[in-house]
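Chain residues, written in single-letter form:
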Amino acid sequence: MKILKIFLALFVLGVLLAAGAGVGLYYWAQEDLPGFTKLSDYSPALATTVRARDGRILGYFYREKRFLIPLSMMSPITVKAFLAAEDSGFYQHEGVDLPGIFRAAVKNLVAGSIVQGGSTITQQVIKSMLLTPERSYERKIKEIILAYRLEKYLTKDEILTIYLNQIYLGAKAYGVEAAAREYFGVNASQLTLAQAALLAGLPKAPSRYSPYGNPERARERQLYVLSRLRELGWIGQAEFEAAVNEPLVYGAQEDPSWKVGPYYLEEVRRQLVEMYGEDKVYAGGLQVRTAIDMDHQIVADQALRDGLRETSKRHGWQGPVTTLEPGGYEEFLRGQNLGEIKTGDRIQVLVTGVDKAGAKVRFGEHTGVLPVSSMSWARRPNPKLAPEEAGKVGDATRVVKPGDVVWAAVNATGKDKPWQLALEQEPKVEGALVSMDPRSGEVLALSGGYDFFRSQFNRATQALRQPGSAFKPIVYSAALDNGYTAASIVLDAPIIFEDGSGETWKPENFEGIFYGPTLLRTALVKSRNLVTIRVAQDIGIGKIIERGKAMGLTGIMEPNLSLALGSGQFTPLNMCEAYSAFARGGTSIKPRFIENVVSPWGEQLYSATPETREAMSPETAYVVTNLLQQVVQEGTGARAKSLGRPVAGKTGTTNDEQDAWFMGFSPYLLTGVWVGYDQIKPMGKFETGARAALPIWLDYRTKVEPKYPVENFTVPPGIVMARVDARTGRLAGPDAPEAYMLPFANGTEPTLTAMPDEFDAAPGSSNAGGESLLKQIF
């Protein structure tokens, strides 16, 4: 009896000591435990999604490729597969699976080290979100304590949602949504049983069980998960067998980022970083809707690339990409990864033989021919000679030689005969295209260069270039508000300016000739420099700068007369903003890329509103627009007439053809195109706005115009039309040899009728309508 009491006392003492040790261990372990704020305010690093106006995805920004979704957006079998693989008793335990921990402890004891954790999903969430990944008994104790606490703090579904969005599943994919896209090209809601089982097998060791790197191990792990599902009674035998026999086709969902409109996407990224900072953009899971029209953008990108290629050809042959020694031929051909080649594709080919009539080439396993007819443009570059003056190349040996690697376009694929190819080259000349809806300010398309991956410099938003004569409508809009009308007569004659240092400036017309007294209308339509200079001198350059700023111009405007001829510097995007004042009837509008931004939780963070400003009266805007329509009908923009719709526009060309522009618009669409070299230099003789920029504009607009009904510009109530004699600026008589129907602000129209062969008004005299018949400025 005494012995029994002793044993009982020892037992009680042992229990008390164990309890005391447990309590002490608990308090020791919980001293520096982290709080649950990080979990209750679960905000993992999420990918930001950028969408087009129609909902199509333009691209993603991310550090960790994770897309947050609720359990309701996962297929039910996906959730069951992860539970079967990781924690089948998840909905029964209170955060810790004690039998599982006991089994793991036995294995660890036998192994002599920690080889198994026995962690529940709750513990895994604690480990990944709140603790370090080290394997130690101290961390395990903390993990158990926190797991019990977390189960009292969050619901089971909340914990499981965190787990399935947080877990790393290999291939740079975090969470089941990213993994479903990365491995099977579907969303988590579309996963089949077989696919879900494979993904559920990855958390144990994503690299070891990757279907890309270790397909056999991935298969073993998938079968294990399917077996667990069957053992648990969560699937039947028929479902098991169907999943086992289902062939799995691996392939990532195509990432559209930087493919369509990469320059547009980059501008959106830049603006978002400016608005929210890099961390929010790359990890905040923002949902961004932009103004881009993907159909417009695809056409714009292609039009710019095609136009720059044609411009490059007019400049002459730049030479081969490289030249190989015969010993390097086979290595080059083996290294080509051509894939499927279609008619119209551009590929690099190796010249293996050449004679006067053409060149024989090889590419991959194929052979082809480059006839000399496809090389007719490949003259020696000379910016002082236009292509028409240089003549065509008629001897292929003057262009290429064996060993040359050159670009070629596929004209016809060959089966048992050589492929038919045409010589091409990658242009060094660059360009930009911006297209916006002037009614709303939405930028529908933006292309900032020939190839984003060759140069990320966005010429549409960053390149400050001289607009040349494309600036003149701004000058003439200021003139119309300072005593001029479309019928004013201004002298087109030589003029010389001297500065204090003895330097002289003698502006000339592009043609190098002078036309004498000229209608203001004709001066703009025909882009006469001398008339523009005289007008600018008369009204003062300050008023022109003031007008430019009112229209939204933010570039460089030096207060000298050369500004009137376009010596200022502006980006293509900024020029579009200025021209919007004409298209909108007097108010300019700020171009807009981002429409709205929403947080991953659905909170509206930003919603765009139009930003407009008064630039000029509706009457002035209409008069300029009407004259720009005449530029298209019979002036430097005549190519655009082929569009067959009401269009207004203006070309621009700077000295030595260093910059070429075309700014063209209709009431519903405003598009600007610039072409030139990044390092400013002449493009070549006759590389004007009409030749280099306008064809790109026309190519783009021809393809998008069918989206819009035909629409003309609205005439403001304060406009009257009058038929004006081209010689005198007075009302045209019935026998006038040349006359124009011109718009006037009410009260400024001419009232006197021109007499036959009349042109006798003195400089500066006025007619009865108050209009200066001849504004002659010396």
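Once a new chain begins, its residue numbering starts again from 1 and follows that chain's sequence as written. At least 70 in pLDDT is required for a residue's local features to be given in this predicted model, at least 80 for side-chain atom pairs to be given and counted, and no such filter applies to totals for whole chains, interfaces and linings, which use all residues. Only hydrogens and water are set aside when side-chain values are computed; all heavy atoms of the structure are taken into account.

### Re the overall build of the chain
Convention followed: In this text, helices come from DSSP runs of H or I with a minimum length of four residues, and strands from runs of E with a minimum of two, each type numbered from the N-terminal end. Summary of the burial criterion: residues with accessible area below 20% of their type's maximum are buried, those above 50% are exposed, and those between are partly exposed, where the area comes from a 1.4 Å probe applied to protein chains only. Per-residue and other accessible areas follow the Shrake-Rupley method at a 1.4 Å probe size, with only the shown protein chains counted as cover for residues.
Looking only at helices and strands, the chain has 23 helices and 26 strands in total. Per-residue burial over the chain gives 53% buried out of 778 residues. Summed over all atoms, the accessible surface of the chain reaches about 34800 Å², with 53% contributed by carbon and sulfur.

### Observations regarding the environment of Ser 72
By secondary structure assignment, the location of Ser 72 is in the loop between β3 (65-66) and α3 (76-86). Along the primary structure Ser 72 and Ser 189 are separated by 117 residues, whereas in three dimensions their C-alpha atoms are 8.3 Å apart.

### A look at the side chain of Glu 86
Our working definition: We call two residues in contact when some of their heavy atoms are within 4.5 Å.
Relative to the assigned elements, Glu 86 resides in helix α3. We classify Glu 86 as buried; its relative accessible area is 19%. When neighbours within four sequence positions are excluded, Glu 86 is seen to be in contact with Ser 119, Ile 121, Gln 124, Tyr 163, Ala 200, Pro 203, Lys 204 and Arg 221.

### What about the sheet that holds strand β12 (residues 430-436)?
Let me state the cut-off plainly: By this definition, two strands are paired if DSSP reports at least two bridges between them. Lines fitted to the C-alpha atoms define the axes, with helices restricted to the stretch that makes contact. Angles between their N-to-C directions range from 0 to 180 degrees.
Strand order in the open sheet made by the 5 strands is β13-β12-β24-β23-β22, with antiparallel pairing throughout. The sheet is open, and its two borders are formed by β13 (443-447) and β22 (648-653), each paired with just one other strand. Each strand axis lies, on average, 5 degrees off the axis of its neighbour in the sheet, ignoring direction. The sheet strands contacting helix α14 (residues 294-315) are β12, β13 and β24 (669-676), and the helix crosses β13 at an angle near 30 degrees. Across the sheet, helix α22 (residues 618-634) is in contact with β22 and β23 (659-666); its angle to β22 comes to roughly 70 degrees.

### So, the packing of aromatic side chains
Cut-off, in case you're wondering: Put simply, two rings from Phe, Tyr or Trp (the six-membered ring, in Trp's case) pair if the centres are within 6.5 Å, and we call them stacked under 30 degrees between planes, edge-to-face over 60, tilted for the rest.
Evaluation of the coordinates by the stated rule reveals 21 aromatic pairs. Relative to Trp 258, the ring of Phe 61 lies with its centre 6.1 Å away and its plane at 45 degrees, an arrangement referred to as tilted. Of the two residues, Phe 61 is situated in strand β2 (residues 57-61) and Trp 258 in the loop between α11 (237-245) and α12 (262-276); the sequence distance between them amounts to 197 residues. Connected via pairs of aromatic rings, a cluster forms that spans Phe 61, Trp 258, Tyr 263, Tyr 282, Phe 452 and Phe 453.

### Some remarks on the environment of Gly 676
On the secondary structure map, Gly 676 appears in strand β24. When the C-alpha positions of Gly 676 and Lys 428 are compared, they lie 9.3 Å apart, and in sequence the two are 248 residues distant. Aside from chain neighbours lying at most four places away, what touches Gly 676 is Val 429, Glu 430, Gln 658 and Met 683.

### Observations regarding the packing of α3 against helix α7 (residues 156-166)
Each pair of packed helices gets described by two things: the angle between the helix axes and the distance between those axes. Let me state the cut-off plainly: Each angle gets one of four labels, with under 35 degrees taken as roughly parallel, over 145 as roughly antiparallel, 65 to 115 as roughly perpendicular, and the rest as oblique. Gly falls in the polar group here, along with every residue not listed as nonpolar (Ala, Val, Leu, Ile, Met, Phe, Trp, Tyr, Cys, Pro) or charged (Asp, Glu, Lys, Arg).
Running from N to C, α3 and α7 cross one another at 90 degrees; their axes reach a closest spacing of 12 Å. Relative to α7, the element α3 is oriented roughly perpendicular. Seen from α3, the contacting residues are Val 79, Phe 82, Leu 83 and Glu 86; seen from α7, they are Leu 160, Tyr 163 and Leu 164. Looking at the contact of α3 with α7 residue by residue, the classes come out as 6 nonpolar, no polar and 1 charged.

### Considering the nonpolar core
Stated formally: Take the buried residues of types Ala, Val, Leu, Ile, Met, Phe, Trp, Tyr and Cys, join any two whose side-chain atoms come within 4.5 Å, and each joined set is a nonpolar core.
With 95 residues, the main nonpolar core has Tyr 264, Phe 471, Ile 544, Tyr 579, Leu 628 and Phe 665 as its most contacted residues. The element that contributes the greatest number of residues to this core is helix α21 (residues 572-583), accounting for 8 residues. In terms of nonpolar packing, the next biggest core, distinct from the first, is built from 57 residues, Ile 77, Ala 84, Ile 162 and Ala 243 among them.

### Remarks on the side chain of Arg 379
What counts here: The charge count includes Lys and Arg as positive and Asp and Glu as negative, but it does not include His or the ends of the chains. Salt-bridge detection follows one rule: a side-chain nitrogen of Lys or Arg within 4 Å of a carboxyl oxygen of Asp or Glu. Contacts described as polar in this section are N or O atom pairs within 3.5 Å, which, within protein, must combine one atom able to donate a hydrogen with one able to accept it, while residues neighboring in sequence count only if both atoms come from side chains.
The residue Arg 379 is located in the loop between β9 (366-371) and α16 (387-390) in this model. Glu 687 provides the closest opposite charge to the buried, unpaired Arg 379, separated from it by 6.7 Å. A polar contact of 2.8 Å, which involves the side chain of Arg 379, links it to the backbone oxygen of Arg 314.

### Here we look at α3
Among the 11 residues of α3, 9 are classified as buried, and the element is accordingly described as predominantly covered. The elements touched by buried residues of α3 are α5 (121-129), α7, α8 (175-184), α9 (193-200) and α10 (215-231).

### Points about α12
Put simply, the rule reads: To estimate how far a helix should reach, multiply one less than its number of residues by 1.5 Å.
In this model α12 runs 21 Å from its N-terminal to its C-terminal C-alpha over 15 residues, within 8% of the 21 Å that 1.5 Å per residue would give. All of the buried residues in α12 are Pro 262, Tyr 263, Tyr 264, Leu 265, Glu 266, Glu 267, Val 268, Arg 269, Gln 271 and Leu 272. In the stretch just after α12, Gly 277 is the one whose phi turns positive, near 90 degrees.

### A look at unusual backbone geometry
You will see that Asp 656, though not glycine, has its phi angle at about 60 degrees, which is positive. Along the chain, the position of Asp 656 falls in the loop between β22 and β23.

### Notes on the packing of helix α17 (residues 472-480) against α21
Definition in use: Two helices crossing with the near one rotated counterclockwise from the far one by less than a right angle form a left-handed crossing, whereas a clockwise rotation gives a right-handed crossing.
The geometry of α17 relative to α21 is characterised by a closest axis approach of 11 Å and an angle of 45 degrees between their N-to-C directions. Taken as axis vectors, α17 and α21 run oblique relative to one another. As for how α17 packs across α21, the hand of that crossing is left-handed. When α17 is examined against α21, the residues Pro 473, Ile 474 and Ser 477 are found in contact with a partner set consisting of Ala 578, Tyr 579 and Phe 582. Looking at the contact of α17 with α21, its residues break down into 5 nonpolar, 1 polar and no charged.

### Quick look at the confidence of the model for the chain
Note the threshold: Every residue gets a pLDDT, meaning the predictor's confidence in that residue, from 0 to 100.
Taken residue by residue, the chain gives an average pLDDT of 89. The fraction at 70 or more is 88%. A low-confidence stretch, residues 21-29 (pLDDT under 50), is modelled with 7 contacts involving residues beyond four sequence positions or located in other chains. Scored below 50 in pLDDT, residues 759-778 makes 55 contacts in the model with residues more than four places away or belonging to other chains.

### Brief notes about the pairing of strand β20 (residues 604-607)
When strand β19 (residues 594-598) meets β20, the two strands line up antiparallel, connected through 3 bridges. Pairing of Asn 596 across the sheet is with Ser 607, part of β20. Hairpin connection between β19 and β20: a loop of 5 residues separates the two successive antiparallel strands, and Gly 602 in this loop has a positive phi of roughly 90 degrees.

### Things to note about the sheet that holds β20
The mixed open sheet is built from 5 strands, whose spatial order is β2-β1-β5-β19-β20. Strands at the two margins of the open sheet, each flanked by one partner only, are β2 and β20. Strand-to-strand, the axes of this sheet are offset by a mean angle of 15 degrees, without reference to chain direction.

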